[in-house]
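An overview of the molecular structure
Here are the chains, one letter per residue:
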Amino acid sequence: MLQVKNYKFWFCTGSQDLYGDECLAKVAEHSKIIVEKLNESGILPYEVVWKPTLITNELIRKTFNEANLDEECAGVITWMHTFSPAKSWILGLQEFRKPLLHLHTQFNEEIPYDSIDMDFMNENQSAHGDREYGHIVSRMRIERKVVAGHWSDPIVVGKIASWMRTAIGIVESSHIRVMRVADNMRNVAVTEGDKVEAQIKFGWEIDTYPVNEIAESVDAVSVSDVNALVEEYYSKYEILLEGRDPEEFKKHVAVQAQIELGFERFLKEKNYQAIVTHFGDLGSLKQLPGLAIQRLMEKGYGFGAEGDWKVAAMVRLMKIMTADVKNAKGTSMLEDYTYNLVKGKEGILQAHMLEICPSIADGPISIKCQPLSMGDREDPARLVFTSKEGSGVAASLIDLGNRFRLILNDVDCKKVEKPMPKLPVATNFWTPQPDMYTGAEAWILAGGAHHTAFSYDLTAEQMGDWAAAMGIEAVYIDKDTKIRDFKRDLMLGEIFYR
Ligand code: MN
């Protein structure tokens, strides 16, 4: 399901014809070597494609417009090998609509002390060529990433790799379609929002279907398909009967298998990549989708509970940004549930009624059937596990009435001290940066939600760069956060993003 297009990034080198053809030949040769080495580095998640050196207004404009039209081009990396008068870039930049990275590098790493002369200086002048180009991009108020350093440095290549995932988020955002089979939970504020504005800002299409339409799709799944999937579940997960009759238990699990297949067919048929449900609006569904939603999230679908379409879209966005990450640790919707406030052991137990993605699981995953304390349906089957240790980012997109704000919190995921045998849901446990109390205070001051989109495989920088490209405010809660400064950030945001 989680198929990302065969995206590529164009590498465009700027120069001019002032120093003759010999110099331009060197420029092309150098930029070809850089592209080749970048691709050979093994660090970049997507291929870089070399483009002929840009030296005229016409060619710059043409190249940027070709990039706009090329469906596989996810962004352009620019670098000024020599001086490139930046007025030449104005029309092209004005018409360019894709993610832009300015790689501020130079071909040689060291000054060739013994041989350096003015020819060398004129040929290798990114130090001022990139400043001229950077000036016009800033003057035109174009959002872009600037990465400085030698192109062979793995840190520099790592920054390009990280930005590539942001760029995928930017270009893929407008392909996210969220299916709502329930409205937002009654009286809840933070899961609400302006869907029209979300489409204008992020490109998200958010549509509603009557829940019974998808329930019909569930009913249409054949018994043999259900049985085959149940067998897969039983081979893959531990079965925790906890005193229940094995046959009755299996029937409960089969209901979720049928929901998984029926939902997925419906989503595929109608081309949706994310879904929201609501425990209070299940129509003819026999159980709240639990295990089924967990499996769909693992396949790459976004999910938001209680009608939370913003979280559904954000989970999908973060899934697509992390597609094919080597040794990925996972991405899921989570909910701030309950605290441990013992000094030195502080943290937030993250869980939900059922729907946590098993991609974040650590160790064995079990199936349990337990009553829900809410709603009026059968005891739903669900996957139960604890999550990996390590750092991650929790993201909350909120609607402030006149605009969106993305709140980003660096969190440290840990193991809880003891098992929780009576808790029938998947959990994660984290301590927010910079510490439990400052983190929680800042989150609340910013208006952050209880539902979050969480990933081990993305950074706040990547998510904040995505927000910047969408033209919305991002606030960061991390190791450097101090409440007084944070409140000033929020005040500045009120002015800047009004
Ligand atoms: Mn919830």
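Here the structure is a predicted model, which means the values were calculated and not measured. In this convention, every chain numbers its residues from 1, walking through the sequence in written order. Note on the predicted model: pLDDT of at least 70 is required for a residue's local features to be given, and 80 or more for side-chain atom pairs to be given and counted; whole-chain, interface and lining totals, by contrast, use all residues. Side-chain figures throughout are based on the complete set of non-hydrogen atoms in the structure, without hydrogens or water.

1. Regarding helix α2 (residues 57–69)
A rise of 1.5 Å per residue sets the reference length of α2, with its 13 residues, at 18 Å; its end C-alpha atoms lie 19 Å apart and thus fit the reference within 8%. Exposure classes here rest on a 1.4 Å probe applied to the protein chains alone. A residue is buried below 20% of its type maximum, exposed above 50%, and partly exposed in between. Only DSSP runs of H or I covering at least 4 residues are called helices, and only runs of E covering at least 2 are called strands; the numbering of each starts at the N terminus. For α2, the full list of buried residues reads Ile60, Thr63, Phe64, Ala67 and Asn68. When α2 is viewed along its axis, its buried side chains cluster within an angular range of 145° and face the same direction. Away from its buried face, by an angle of more than 90 degrees, α2 presents the exposed residues Glu58 and Leu69. Here, residues are in contact when the closest pair of their heavy atoms is within 4.5 Å. In the core, the buried residues of α2 are packed alongside β1 (8–14), β3 (73–80), α3 (90–95) and β4 (100–104). How far a helix is expected to stretch is found by multiplying one less than its residue total by 1.5 Å. The directions from the helix axis to the C-beta atoms form the arc being described.

2. Looking at the domain arrangement of the chain
Splitting the chain by domain gives domain 1 (8–173) and domain 2 (177–496). A straight line from the C-alpha centre of domain 1 to that of domain 2 covers 38 Å. Each partner contributes residues to the interface: domain 1 has eleven residues there, and domain 2 has 18 residues. When two parts are brought into contact, each loses some accessible area as probed by a 1.4 Å sphere; the total of that loss over both is the buried area. Buried surface at the junction of domain 1 and domain 2, summed over both partners, amounts to about 1,200 Å²; 51% is from carbon and sulfur atoms. When the buried area of domain 1 at its contact with domain 2 is split by residue, Arg165, Thr166 and Ser173 rank highest and sum to 45% of it. Salt bridge, as used here, is a side-chain nitrogen of Lys or Arg placed within 4 Å of a carboxyl oxygen of Asp or Glu. Inspection of the region where domain 1 meets domain 2 yields two salt bridges. The residue Lys145 makes a salt bridge to Asp465 at a minimum N-O spacing of 2.7 Å. Any N or O atom pair separated by 3.5 Å or less is treated as a polar contact, with the protein-specific requirement of one donor-capable and one acceptor-capable atom, and with residues adjacent in sequence counted only for side-chain atom pairs. Here domain 1 and domain 2 share ten residue pairs in polar contact (both at pLDDT 80 or more) between them. Top element by residues in the side of domain 1 that touches domain 2 is helix α6 (residues 154–173). It accounts for eight residues. Any residue that is not Ala, Val, Leu, Ile, Met, Phe, Trp, Tyr, Cys, Pro, Asp, Glu, Lys or Arg is counted as polar, Gly included; the first ten are nonpolar and the last four charged. Residues that form the side of domain 1 that touches domain 2 fall into these classes: two nonpolar, five polar and four charged. In this document the domain limits rely on a domain assignment from an automatic tool or a database.

3. Focus on the layout of surface pockets
For each structure, a 1 Å grid was placed over the protein atoms alone; sets of points admitting a 1.4 Å probe that cannot get out are labelled cavities, open sets with protein on both sides within 12 Å along at least five of seven lines are labelled pockets, and lining residues have an atom within 4 Å of a point. Grid points are joined across faces, edges and corners, and a volume is the space filled by probe spheres set on the points. Considering only enclosed or pocket space, the largest pocket measures out at about 650 Å³ in volume. What lines the largest pocket is a set of 29 residues, and nearest its centre among them are Arg97, Lys98, Pro99, Ile170 and Val171. Secondary-structure elements contributing two or more residues to the lining of the largest pocket are α6, α7 (195–202) and α14 (460–470). The element contributing the most residues to the lining of the largest pocket is α6, with five residues. Across the lining of the largest pocket, the residue classes break down as 13 nonpolar, six polar and ten charged. Inspection of the lining of the largest pocket shows a minimum of three residues originating in each of domain 1 (8–173) and domain 2 (177–496). As a volume, the second largest pocket reaches approximately 480 Å³. Residue lining of the second largest pocket: 25 residues in total, with Pro45, Ala161, Ser162, Arg165 and Gln462 positioned closest to the centre. Secondary structure elements with two or more residues in the lining of the second largest pocket: α6 and α14. Across the lining of the second largest pocket, the residue classes tally to ten nonpolar, six polar and nine charged.

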